[in-house]
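Examination of the molecular architecture
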Amino acid sequence: MKTETLATTPVKEAPARRTNFYKDHEGMILGGGAVVLVLAAWEAAWQHGRAYSLDAEPMISALFFTGPSAVLGALRETWASGQLPSDLIHSGGNFVVGFTAALAAGVVLGIVIGWFRTVRLLLDPFLNAFYATPRIALVPLIIIMFGIGRLPAIVIVFLSAFFPILINTIVGVKTIDDDLLKAARSFCASHMQIFTTVALPGSVPFILTGVRQGVAHGLIGVVVSEMFVGGEGIGFMIAYSGQTFATERIFLGVAIMAGAGILLTSAAERLQAHFSRWRPER
Amino acid sequence: MNKLDIQNVSKRYWLERESREVPACEGVTLSVADGEFVAIVGPSGCGKTTLLNIVAGLLPYEEGHVRIDGERVEGPGVDRAVVFQHASLLPWRTITGNVRYGMELHGRFAKPEIERRTERFIRMVGLQGFERAYPSEISGGMQQRVNLARALASDPKVLLMDEPFAALDAQTREFMQAELLKIWRQARKTVLFITHQINEAVYLADRVVVMSSRPGRIKDVFDIPFARPRALELKRDPRFLAIEDRIWKLIEEESESILAGGASEPAAPGA
Ligand SMILES: Nc1ncnc2c1ncn2[C@@H]1O[C@H](COP(=O)(O)OP(=O)(O)OP(=O)(O)O)[C@@H](O)[C@H]1O
Ligand SMILES: [Mg+2]
């Protein structure tokens, strides 16, 4: 009875494992080290170039180029003047409102479209057309329709994040294992039970892939909409600094957006890993 | 009284692409007594799965009757449970979550009762210690045991099994056969068991039904006389081998008639 003895040893027992600080944090150490190195080299090149610019023939003009220390200076300056916090709040608000609406609408509609074949066939041509159009191309139209102010920016964020979430949710619902549906039906599952016990949990990993893409697209939406609409926000700060040749502020805006992107995508990734822990390791 | 009555059931599939009908089974009549273990064997594609799905209420049928306790089958019911060839476990639920799944859907048991039964049937199939594992973390044989526990825990009167051990290796399979008989002796369910393996059918069943090639009809029924409990050594008993051999010959004839008739299935090696 070999199998019986096998059956009494729990499978989930963690194997004894020696911890090694470097191995556990390899990604952070190597990645972080590389970033520090590049920043240092950049700063050195910028300082070096600036020193020469005291000559008649400057190698680097502050108009076209800047360095980490100058960007840091811009951060301190704009933060102290209260300009940066208010821009951050403005952009963050646009993103949160637009993205939340996109998440709710994308998941609900995605499940309905994925579940009902007829609905899918009816909407498919529109979805494909919309998905293929760069949403940025619609910005002028949206500004005409929604006027000036926050609303058009929020609508643009919404549209940017909505489609990736929608499309991924549809795929998730569509690819649900037929065998699981059959098993559920054999136990007399109602439509509602099939939905909550099979369709929804089965599509969660796909929905979260959509969320990750939606975050990235939504951030683009924030910047682009504010560049067009103007007035306030990080996107506006970048556009305005460009017109006034405040190079270090452009860099500051770009760095903020990059940071927001890294933060939000890694949060979405962590969420995805959490909800996919039942998946076989690949 | 018969638990399960299959009367003159025929089923045709409509092939959309070729716009023609394919008969899957024809005029199948079979009665299974309460607590009886009946196995069905037959060449591939003869309509065994079709028949089982009809009894399970997963497939509509136009001709004939399927009755359980005298009542016509119109869809899935709490009186039946299916053990599919593929374990069909919810990959995002733990073993515990999967075993209780059928009971949750049925809604027949109160929560504490569900807990008790879940624990009991996990123990019955020998999976204690794995309650919190996910299906991807256990072996195929263990998954099939979860599948069995899920079906049994929902307390069906009739257990329908479609080649539940087909995907397992020879040793695990033998072990599972012995386990199944042990569980069946305790639980006393009526069982309809489909398999490709003749010696599995003879070892497990009270009666073995042999189906003809497509469209599947019942070709012959063998009473299996061996006393229970049956040891695995029974499979090497000359009387066992004699019955196995007779069924083999019958199926061989059928398979040859498929090949001679130029059916669409590819030829199996070693006729
Ligand atoms: N969904 C379907 N649509 C059309 N034809 C089908 C369908 N399912 C089965 N068939 C046909 O009906 C016949 C019987 O199929 P079934 O799956 O019941 O056979 P089986 O005896 O279970 O075969 P196997 O032993 O290989 O599992 C097959 O020849 C197959 O071509
Ligand atoms: Mg089959």
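Residues numbered from 1 in each chain as written. Chains lettered and ligands numbered in written order. Predicted model: local features only at pLDDT ≥ 70, side-chain atom pairs only at ≥ 80, totals over all residues. Heavy atoms only, no water.

Re the interface of chain A and chain B
At the junction of the two partners, chain A supplies 29 residues and chain B supplies 36 residues. Across the chain A to chain B interface the summed buried area is about 2800 Å²; carbon plus sulfur atoms make up 66%. The largest contributions to the chain A side of the interface with chain B come from A:L180, A:F187 and A:W278, which together make up 26% of the buried area. For the interface between chain A and chain B, the tally reads zero salt bridges. Run the count over chain A and chain B and you get three residue pairs in polar contact (both at pLDDT 80 or more). (Contact = heavy atoms within 4.5 Å. Buried area = accessible area lost by both parts, 1.4 Å probe. Salt bridge = Lys/Arg side-chain N within 4 Å of Asp/Glu carboxyl O. Polar contact = N/O pair within 3.5 Å; in protein donor to acceptor, adjacent residues only side chain to side chain.)

Concerning the packing of aromatic side chains
Tallying each qualifying case throughout the model produces ten aromatic pairs over all chains. Taking the centre distance of 5.5 Å and the plane angle of 50° together, the rings of A:W42 and A:F251 count as tilted. Of this pair, A:W42 sits in helix α3 (residues 26-52) while A:F251 sits in helix α12 (residues 247-275); the two residues are 209 residues apart in sequence, bridging distant segments of the chain. Through pairs of rings, three or more aromatic residues link up here, namely A:F130, A:F158, A:F162 and A:F163. The ring of B:Y13 has B:K11 sitting right over it, with the charged end atom 5.6 Å from the ring centre. Cation over ring: B:K235 sits above B:Y203, and NZ or CZ is 4.9 Å from the ring centre. (Phe/Tyr/Trp six-rings, centres within 6.5 Å; stacked < 30°, edge-to-face > 60°. Helix = DSSP H or I, 4+ residues; strand = E, 2+ residues; numbered from the N terminus. Lys NZ or Arg CZ within 6 Å of the ring centre and 35° of its normal.)

Considering the confidence of the model for chain A
Residues and elements named next belong to chain A. For chain A, the mean per-residue pLDDT works out to 85, and 88% of the residues sit at or above 70. Highest mean pLDDT in chain A belongs to helix α9 (residues 178-186) (94); lowest belongs to helix α1 (residues 2-7) (42). Between residues 1-11, whose pLDDT stays under 50, and residues either more than four places distant or in other chains, the model counts 17 contacts. (pLDDT = per-residue confidence, 0-100.)

Comments concerning the pattern of salt bridges
Residue and element names in this part refer to chain B. Evaluated as defined, the whole model comprises 23 salt bridges over all chains. Where R72 meets E74, a salt bridge forms, and the shortest distance between an N and an O atom there is 3.1 Å. By relative accessible area, E74 is classed as exposed at 65%. Measuring nitrogen to oxygen at the nearest pair gives 3.5 Å for the salt bridge that ties R239 to D237. (Buried < 20%, exposed > 50% of the residue type's maximum accessible area, 1.4 Å probe, protein only.)

A look at the side chain of A:R120
Residues and elements named next belong to chain A. Tracing the backbone shows R120 in helix α6 (residues 117-132). Although R120 is buried, it makes no salt bridge; D124 carries the closest opposite charge, 5.8 Å away. In this structure the side chain of R120 is engaged in a polar contact, spanning 2.8 Å, whose partner is the backbone oxygen of G114. Not counting residues within four places of it along the chain, the set of residues in contact with R120 comprises I113, G114, I170 and K174. (Lys, Arg positive; Asp, Glu negative; His and termini not counted.)

Focus: the sheet that holds strand β3 (residues 37-41) of chain B
Residues and elements named next belong to chain B. Taken in spatial order, the six strands make up an open sheet running β6-β7-β8-β3-β9-β10, and their pairing is mixed. The open sheet is flanked by β6 (80-83) and β10 (218-223), the only strands paired with a single partner. Direction aside, the axes of adjacent strands within the sheet are offset by 15° on average. Bridge count between β3 and strand β9 (residues 207-211): four bridges; the pairing is parallel. Looking across to β9, one finds that I40 is bridged to V209. On the sheet, helix α1 (residues 48-56) packs against β3, β6, β7 (158-162), β8 (190-194) and β9 and is oriented at approximately 150° with respect to β7. On the sheet, helix α6 (residues 170-187) packs against β3, β7 and β8 and is oriented at approximately 145° with respect to β3. (Pairing = 2+ DSSP bridges. Axes fitted to C-alpha atoms, helices over the stretch in contact; angles between N-to-C directions.)

Examining the pairing of strand β2 (residues 20-33) of chain B
Residues and elements named next belong to chain B. Both strand β1 (residues 2-15) and β2 contribute to a ladder of ten bridges, which runs antiparallel. When the sheet's bridge partners are listed, N2 is paired in β2 with A33. The antiparallel pairing of β1 with β2 creates a hairpin that spans four residues between the two strands, and S19 there sits at a positive phi of about 35°.

Quick word on the environment of B:R120
Residues and elements named next belong to chain B. Structurally, R120 is set in helix α4 (residues 111-124). Judged by its relative accessible area of 41%, R120 falls in the partly exposed class. Separated by 29 residues in sequence, R120 and A149 have C-alpha atoms that sit 9.2 Å apart.

Digging into the site of ligand 1
All names here are of chain B. The immediate surroundings of ligand 1 are formed by 13 residues, with S44, K48, T49, T50 and R214 found nearest. The separation between an oxygen atom of ligand 1 and a polar main-chain atom of G47 is 3.0 Å. K48 is positioned such that a nitrogen or oxygen atom in its side chain is 2.7 Å from an oxygen atom of ligand 1. When ligand 1 is considered free in solution it has 620 Å² of accessible area, and contact with the protein chains removes 67% of it. For the shell around ligand 1, the secondary-structure elements that each account for two or more residues are β1 and α1. Counting residues per element, the shell around ligand 1 draws most heavily on α1, at three residues. The class makeup of the residues in the shell around ligand 1 is four nonpolar, six polar and three charged. (Near = heavy atom within 4 Å. Areas by Shrake-Rupley, 256 points an atom, 1.4 Å probe, with all protein chains shown as cover. Nonpolar A, V, L, I, M, F, W, Y, C, P; charged D, E, K, R; others polar.)

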